[in-house]
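# Remarks on the overall topology
Each chain, written out:
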Amino acid sequence: MKAAQIAARGRINLVEVADLDSPARGEVIVTAETGCLCGSDIPFFSETQPVYPLPIGLSLHEIVGRVRASADPSFRAGDRVLAMPLGLLGCAEQLRLGAGRLAPIDDALSNEQAVVSQPMATVLSALSTMPNVVGLTVVVVGQGPIGLLFDACLSGLGAAKIIGIDARDVRLERSCEFGATHVAVAREEDGRDAIAQVAEFTRGGMADVVVEAVGHEEQQFNTAAALARDRGRVLFFGIPPARIDGIAFEAVVRKSLVIHTSVPDDLRPFVRIAQRAIVQGRINPSKLITHRFPFAQIQNAFETYRDRRGLKVLVDF
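Figured I'd write up the structure that's included with this text. (Residues numbered from 1 in each chain as written. Predicted model: local features only at pLDDT ≥ 70, side-chain atom pairs only at ≥ 80, totals over all residues. Heavy atoms only, no water.)

## Let's talk about the overall build of the protein chain
Counted only if it meets this: In DSSP terms, a helix is any run of H or I states spanning at least four residues, a strand is any run of E spanning at least two, and both are numbered starting from the N terminus. In this description the radius of gyration comes from C-alpha coordinates, and the expected globular size is given by 2.2 Å times residues to the power 0.38. For each residue, the accessible area found with a 1.4 Å probe, counting protein chains only, is set against the maximum for its type, and the residue is called buried under 20%, exposed over 50%, and partly exposed in between. Here, two residues are considered to be in contact whenever any of their heavy atoms come within 4.5 Å of each other. With residues, only the protein chains shown are counted as cover, and all accessible areas are computed by Shrake-Rupley using a 1.4 Å probe. Working convention for charge: Lys and Arg count positive, Asp and Glu count negative, and His plus the chain ends are omitted. Throughout, a charge is located at the NZ atom of Lys, the CZ atom of Arg, the CG atom of Asp or the CD atom of Glu.
Helix and strand counts for the protein chain stand at nine helices and 15 strands. By the compact-globule yardstick of 20 Å for 317 residues, the protein chain fits well, its C-alpha radius of gyration being 20 Å. Along the first, second and third principal axes, the C-alpha set of the protein chain runs to 60 × 40 × 30 Å. For the protein chain, the residues scored as buried account for 51% of the 317 residues in total. Residue pairs at least 24 apart in sequence account for 69% of intrachain contacts in the protein chain once pairs closer than 6 positions are excluded. For the protein chain, the exposed area adds up to about 14100 Å²; of that, 51% sits on carbon and sulfur atoms. Looking at the protein chain, you have 33 positive and 36 negative side-chain charges, and the mean spots of the two groups are 3 Å apart.

This is how it looks when you write it as structure tokens:
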């Protein structure tokens, strides 16, 4: 079978590896059909790593496929499943996973719809850590695929004002389609322009809740803290670098802000909720999918996502 391997910064190759043998007890072998790139995958590709090549299969973790063989009673050969591999080691034609890393797929969903249920589930999981948002003003910093899913979910949960912030006009143009009521463009590095716009939208009250949905490449801690009202809440969803320099933590203390984070132990309950919402038409995943590549063009797929030429990028195995 073929699998992907990052050989150098900005270069990912297909390599030939042995087919997977029979699963051990509690394991399932899955034949991948459709994968979807995520912001968590890109740093392995775009940032210089200590040693190359990186492990085979790095990086992909949003995958729809079919069970080829199962040694767990929860799944049978032929079942359609959403696969969420540990360690993001899912960029291969065949996957070996524990049954706890799989979720069944509703028969009404296409592969394209089902694969989006994974990132949507992460958003729902994050929002489950928050109090009720009904009637609140929420700012979502970052209007990539995750930020747009936050817009949609917050709208469904009854937030009164949803203000999307991004530096790219092309992304802000999509925000209101997903439920944002206002948008603010962030041109200045410290976010002062976006902060001023939010102050205008809220008549100086600022946000009850701020969602940081950028992560990885850009530090938005200070902007998020500045956008929140006194005794407001900040949900840091985007995974930050190991260390962030220049944090203005005084604002967090003086405002008595509550900080939330979200790395769920088990995403499967939220996958079920996400799939139900998609089946019921409460969210349309096709609006998020802008590019699609065969596995043979995995290099192009990673470049497209890295360069932010669109939103969600699919890979067909």
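## Brief notes about the pattern of salt bridges
Condition: We define a salt bridge as a contact between a side-chain nitrogen of Lys or Arg and a carboxyl oxygen of Asp or Glu at a distance within 4 Å.
In this structure the tally under the stated criterion is 16 salt bridges. Ionic pairing is found between R292 and D316, a salt bridge with its closest N-O pair at 2.7 Å. On the criterion of sequence distance, the pair formed by R292 in strand β14 (residues 289–294) and D316 in strand β15 (residues 312–316) is long-range, its members being 24 residues apart. Note on D316: relative accessible area 23%, which makes it partly exposed. Through salt bridges with shared partners, a single network forms among D21, E27 and R96.

## Examining the sheet that holds strand β8 (residues 137–141)
How we decide: Strands qualify as paired when DSSP identifies two bridges or more between them. Note on definitions: angles span 0 to 180 degrees between N-to-C directions of axes, and those axes are lines fitted to C-alpha atoms, for helices only across the stretch in contact.
Overall, parallel pairing links the six strands, which are arranged β10-β9-β8-β11-β12-β13 in an open sheet. Edge positions in the open sheet fall to β10 (182–185) and β13 (258–261), since each of these has one partner strand only. Taking each pair of neighbouring strands and ignoring which way they run, the sheet shows an average axis angle of 20°. Sheet analysis places β8 next to strand β11 (residues 207–212), joined by four bridges and oriented parallel. Paired with V139 across the two strands is V210, which belongs to β11. Set on the sheet, helix α3 (residues 145–157) makes contact with β8, β9 (161–166), β11 and β12 (228–236); between it and β8 the angle comes to about 165°. Across the sheet, helix α5 (residues 192–201) touches β8, β9 and β10, and the angle it forms with β10 is around 155°.

## A look at the nonpolar core
The test is simple: The nonpolar core is taken to be a set of buried Ala, Val, Leu, Ile, Met, Phe, Trp, Tyr and Cys residues, with the residues joined through side-chain atoms within 4.5 Å.
Formed by 46 residues in total, the largest nonpolar core has its most connected members in M120, V140, F150, L154 and V211. Of all the secondary-structure elements, those providing two or more residues to this core are α2 (111–127), β8, α3, β11 and α8 (268–279). The element that contributes the greatest number of residues to this core is α2, accounting for nine residues. Ignoring any residue separated from it by four or fewer positions in sequence, one finds V140 in contact with G147, F150, D151, L154, I162, I163, G164, I165, V211 and A213. In this structure, V28, L54, C91 and L97 belong to the second largest nonpolar core, which totals 32 residues.

## A word on the packing of α2 against α3
Applicable threshold: Roughly parallel here means an angle under 35 degrees, roughly antiparallel means over 145, roughly perpendicular means 65 to 115, and every remaining angle is called oblique. A crossing counts as left-handed when the near helix is turned anticlockwise from the far one by less than a right angle, and as right-handed when that turn is clockwise.
The contact between α2 and α3 brings their axes to 10 Å, and the two run at 55°. Between α2 and α3, the angle falls in the class oblique. Between α2 and α3 lies a crossing whose hand is right-handed. Residues P119, M120, T122, V123, L124, A126 and L127 of α2 form the contact with α3, whose participating residues are I146, L149, F150, C153, L154 and L157.

## A short note on unusual backbone geometry
With omega at -5°, the peptide bond leading from Y52 into P53 counts as cis. By the secondary structure assignment, P53 is in the loop between α1 (42–46) and β4 (63–70). That bond from L58 to S59 is cis: its omega, 25°, falls within 30 degrees of zero. For R203, which is not glycine, the phi torsion reads 55° and is therefore positive. Note that R203 resides in the loop between α5 and β11. Positive phi is not limited to glycine here, since M206 has a value of about 65°. With respect to the helices and strands, the residue M206 is situated in the loop between α5 and β11. Judged by relative accessible area, which is 13%, M206 ranks as buried.

## With respect to the environment of L149
For L149, the location among the structural elements is in helix α3. L149 sits in the buried class, given a relative accessible area of 0%. Sequence-wise, L149 and F178 are 29 residues apart; in three dimensions their C-alpha atoms are separated by 7.2 Å. Setting aside residues up to four positions removed in sequence, L149 forms contacts with P119, M120, V123, I283 and L288.

## A closer look at α2
To be explicit about the condition: What a helix should span is 1.5 Å times the count of its residues minus one. We define the bend at each residue as the angle formed by axes fitted to the 7 residues ending at it and the 7 residues starting at it.
Spanning 17 residues, α2 covers 25 Å between terminal C-alpha atoms, matching the ideal 24 Å at 1.5 Å per step. If you look at α2, its biggest bend is around 30°, right at Q118, and the proline P119 turns up within four residues after that.

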